[in-house]
Each structure stands twice: as C-alpha cells, then as structure tokens.
Amino acid sequence: EDDQSTSLESLPSVQSQSGSVTEGTPKHRISQLLPPQSQNSAQEPRRTSSRSIKRKKFDDEVVESSLIKTERGRMTKLSTVTQVLEKLEPAVEKEQPPAPPPEKKKVSKSINSAAKRAKKQKPPAPASTKDLGRWKAQDDLALITAIQQTNDLTAVHLGVKFSCRFTLKEIQERWYALLYDPIISKLAVQAMNQLHPDVVAEVQSRALYSTEEESLMGTVSSTSQPTVEIFQELLEQNPDTFYPLRTAKALHNHWLLLKQYHLLPDQSVQPIPRGDHVLNFSDAEEMMNDEELREPKDDVLEQELSVSDRRNKNEIRHLEQELPKWQVLVDSVTGISPQDFDNQTLAVLRGRLVRYLMRSKEITLGRATKDNQIDVDLSLEGPAWKISRRQGIIKLRSNGDFFLANEGKRPFYVDGKAILAGNKQKLNNNSVVEISSLRFIFLINQDLINVIRTESQKLVPT
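Structural notes, computed from the coordinates. (Residues numbered from 1 in each chain as written. Predicted model: local features only at pLDDT ≥ 70, side-chain atom pairs only at ≥ 80, totals over all residues. Heavy atoms only, no water.)

Secondary structure assignment for the protein chain yields 20 helices and 12 strands. Counting the 462 residues in the protein chain, one finds 26% classified as buried. Put simply, 51% of the contacts in the protein chain that link residues at least 6 apart link residues at least 24 apart. (Helix = DSSP H or I, 4+ residues; strand = E, 2+ residues; numbered from the N terminus. Buried < 20%, exposed > 50% of the residue type's maximum accessible area, 1.4 Å probe, protein only. Contact = heavy atoms within 4.5 Å.)

Here it is as structure tokens:
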C-alpha cells in the first residue's frame, strides 16, 4: 500500500514533466478518468498463483497480465496512466462530454447507407406516363389525325382501329398528355418522325371522314350510279375540304357505305308505325292465302324425278338378283366353321373375315370398283387401297394343279416366296397367300380334283 501511495503521489511530478496535465490535478479527478481496472489495482494488490491455468482470457485480463509480467511494472502503470491522461486532456480542459460509444458510429453508418440507397432509388413515375408502352407511334399518329378531322374523342374511340383496345378514358388521357405533358409530347414526336413513309401513308389513308367531307359526298344522288370520275371531279373542285390523301376510289367506297346504311341526305327511313291499326303476327297469318304460297307445278322437274326413281328401282332389282350369287361365293367366317367344300367348289381362299369359293377353273383377284367387276374382291377382307383393281388370276390346269399369276404392281407372297408382276407360282393345299396386309389360306378340294384328273387322263389318247 505504501508503494501504491507513493506512485500516486509521484504522479503529478511525472505528468508535469510530460506536459500533459498540471500539478494541481486532484486525485479524485484522476480516479474518475482512470478505467475501473486501474482503480481496483490501486486499492488492493492482485493475488496470483504460480500455477498456469489453461483457459481463455478476457480482454481486461490480457491487459492486466501484460502489465504485471513486465519487469518494470511500476513504471508501466505510470506510463499507462500518463497515456490515458494525454488522450483525455482536451475533455478535461474544455469540459466536454466523452466521445460517443462505437454503437452510435454504427448507427451513423446505417444512416449514411440509407441515405445512399435513397439517392440511388429513382423517383416514382408521374401519373401521366402510365401505360406509356401500350401507345405506339402509329396509334399517336392515328389519334392526332382523327381528332384533326372530327374534333370528337367519342367518334375517335368508335371509328379508329388502334393496335390494341383502348377505352374512351385512356384515349382522353393520352390526348391530354400529348397536349400538356412536354416529356410525352417530345417522345411521341420523335417516335412519329422515325416511322417509315409507307407506314405514315397507310395510317393517314384510314383517317376518319369529317362532317364537311360527308356533306360534299351527299351531293351525289343516291338513285344515280356514280363512277370514280365523278368523285375525282368532286375531289379536284374541293381540295381544301378533303383530306390531302383522299382518292377518288376511297370516296366512292365511302359513298357506297353511306348509301348502304341510308345515311345520304336524300335517303329517308320510314318510321315504325304505331297505334291500333298495326297488325300483329296472328292477324297477318290469317290474311295469308295458302294457295298463293304453293309453287307452280314444273313438268320438266317431275319428269326428271320420275326417270331418276325408275333408274334407282332397276339398280335395286339388279342387286337383289345378284345377292344369291354373292352368298354362295363369299361366306362369313364365324366361330363355327361350316363345311369347306361341296360338290361344286374346287378350292377355297380362306381369310380372317370371309372365305372365297372357287367354282370355276379361272377366277380373278383384285379390288372391285364401279367400273371394274372381278370375281374375288379383296376389299371385303380388309384395307385394299394399295391393291390393284386386277391384281392376279388363279387358274386350274387340266392336270389338277392350281397356279397364281400376278398381274398387278404389288407382289404376292406364297409361303413366304415373293411373286413379282408377270410371274406365276403353283398353289398347294394349305398354302399361305399374302398380298399387302391381307393373308389367306388356299384349301383344295382333293376329292373333286382327283375326279378331274382321272377324267383328263381318260381323254388323253394312249
């Protein structure tokens, strides 16, 4: 304690030599300026242990341990106090409050960053530039031209076809913006100056007709048949009234529209009658004569109808006579297979849906049409649009052998062997015949073929 007191008593002389604080500085003022760690160390000595403690030290402990471990601890403490007093000298002399804590600096930094962000943010767009992108240069040109012609925003809204649908309020706002907003007006003029001359001419050619123009066209009588030359003369006589891009053909077409909708001055629309003398629908229906509504009899038409009816009846009668023949030739293939052969069937070409009975020594295969009649119509079995109308012939020779000759464009396949156009192939019993996507099995009536063979051998001279 004596050492500590002597160090504090000698403090003014040391500090006076450094020239930072005067000798008359009281001890209690110095104790207020010192940090709490220095005050505690001045009051009672620090008890330490020689044993090393392996744990993390706080900031105050790191500072205190560095002060204790120095060889000249007393001088180190004095120099530390001197440095603190030198830093705090302006605050003591001027009696100003201590510097703000670092937390306030962070607040100031956040305020500065917020100010920077506020500077970077763009100001909100004014209400007059709303939907600026929807209006194109062609729309502005059409709007200006139509208003110059009619001086009526409602007529512009109903008569001008813009690039997109605008309401009457939007058209009004756009027109006022073009008139009174310098920014939008400047941008619109620049955009219209960049338009191609052909686009400008097309937009101006669709300009609305003014009242003066329609009144001049109304001088042409609705009962006349005016030509383009009349409107050309009208255009030449009144160049100041008509729009500069008007043509005689355009005036003629507009005049025809006015006539169609009864808008010419010499046309009058009859008003709807009102009162008790107006007939209702039932009264008008009673006044109608049914005899007058009947069409006169046409002898020529009646004769044509009778001839057509007779032709249709003959065709039906012809088909009814051929029906038994087709029932014998083609039988439906069902789950219960009927008897394959009879005394008149030489062979059977059996498919998935139908079977064709061969009752003559030669039959033709193909696709039947209105002009081409064949024996075996393959279209009854399935799709046959790729099969020729006369695809092939199956012929029975005198020795009892069957041959298939290809006469069409597509090849036949007999047991997997291709038969090209112009070639022949022998058909055996149970041979598989394929054409396009259709497949058949060729069955031979062996009993009847054996009889034919024996008869043919008797006829051959020995």
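The strand order across the open sheet built from five strands is β5-β4-β6-β7-β10, with neighbouring strands paired in mixed fashion. The open sheet is flanked by β5 (376-377) and β10 (424-427), the only strands paired with a single partner. As paired elements, strand β4 (residues 362-366) and β5 share two bridges and run parallel to each other. Paired with G366 across the strands is D377, a residue of β5. (Pairing = 2+ DSSP bridges.)

Here the focus is the pattern of salt bridges. Overall, the coordinates contain nine salt bridges when judged by the stated rule. In this structure, the salt-bridge partner of D140 is R174, at a minimum N-O distance of 2.8 Å. Placement of the pair is D140 in helix α9 (residues 137-150) and R174 in helix α11 (residues 168-180), with a sequence separation of 34 residues. For the pair shown, D140 and R174 are each scored as buried. Measuring nitrogen to oxygen at the nearest pair gives 3.7 Å for the salt bridge that ties D401 to K426. Linking D401 in the loop between β6 (392-396) and β7 (402-406) with K426 in strand β10, this pair joins segments that are 25 residues apart in sequence. Take K426: its relative accessible area is 35%, and that puts it in the partly exposed class. (Salt bridge = Lys/Arg side-chain N within 4 Å of Asp/Glu carboxyl O.)

A few words on the packing of α9 against helix α13 (residues 197-205). Packing of α9 against α13 leaves a shortest axis separation of 9 Å and a crossing angle of 40°. The angle between α9 and α13 places the two elements in the oblique class. The handedness of the crossing between α9 and α13 comes out as right-handed. Here α9 contributes Q138, L141, A142 and T145 to the contact with α13, which in turn contributes V199, V200, V203 and Q204. Broken down by class, the residue content of the contact of α9 with α13 amounts to five nonpolar, three polar and no charged. (Axes fitted to C-alpha atoms, helices over the stretch in contact; angles between N-to-C directions. Parallel < 35°, antiparallel > 145°, perpendicular 65-115°, else oblique. Left-handed = near helix turned anticlockwise from the far one by under 90°. Nonpolar A, V, L, I, M, F, W, Y, C, P; charged D, E, K, R; others polar.)

On to the nonpolar core, then. For soluble globular proteins, the rule of thumb is that nonpolar side chains tend to be buried together. Among the nonpolar cores identified, the biggest contains 28 residues, and I394, F402, L404, L427 and F442 are the most heavily contacted of them. Among the elements that line this core, the one with the most residues is strand β12 (residues 438-444), at four residues. Counting residues in each nonpolar core, the second largest holds 22 residues, with L141, L143, I147 and A188 among its members. (Core = buried A, V, L, I, M, F, W, Y, C linked by side-chain atoms within 4.5 Å.)

Looking now at the side chain of Q267. By secondary structure assignment, the location of Q267 is in the loop between α16 (248-260) and α17 (281-287). For Q267, a relative accessible area of 17% puts it in the buried group. A polar side-chain atom of Q267 sits 3.2 Å from the main-chain carbonyl oxygen of K259. (Polar contact = N/O pair within 3.5 Å; in protein donor to acceptor, adjacent residues only side chain to side chain.)

No statement about biological role is implied by the geometric values presented.
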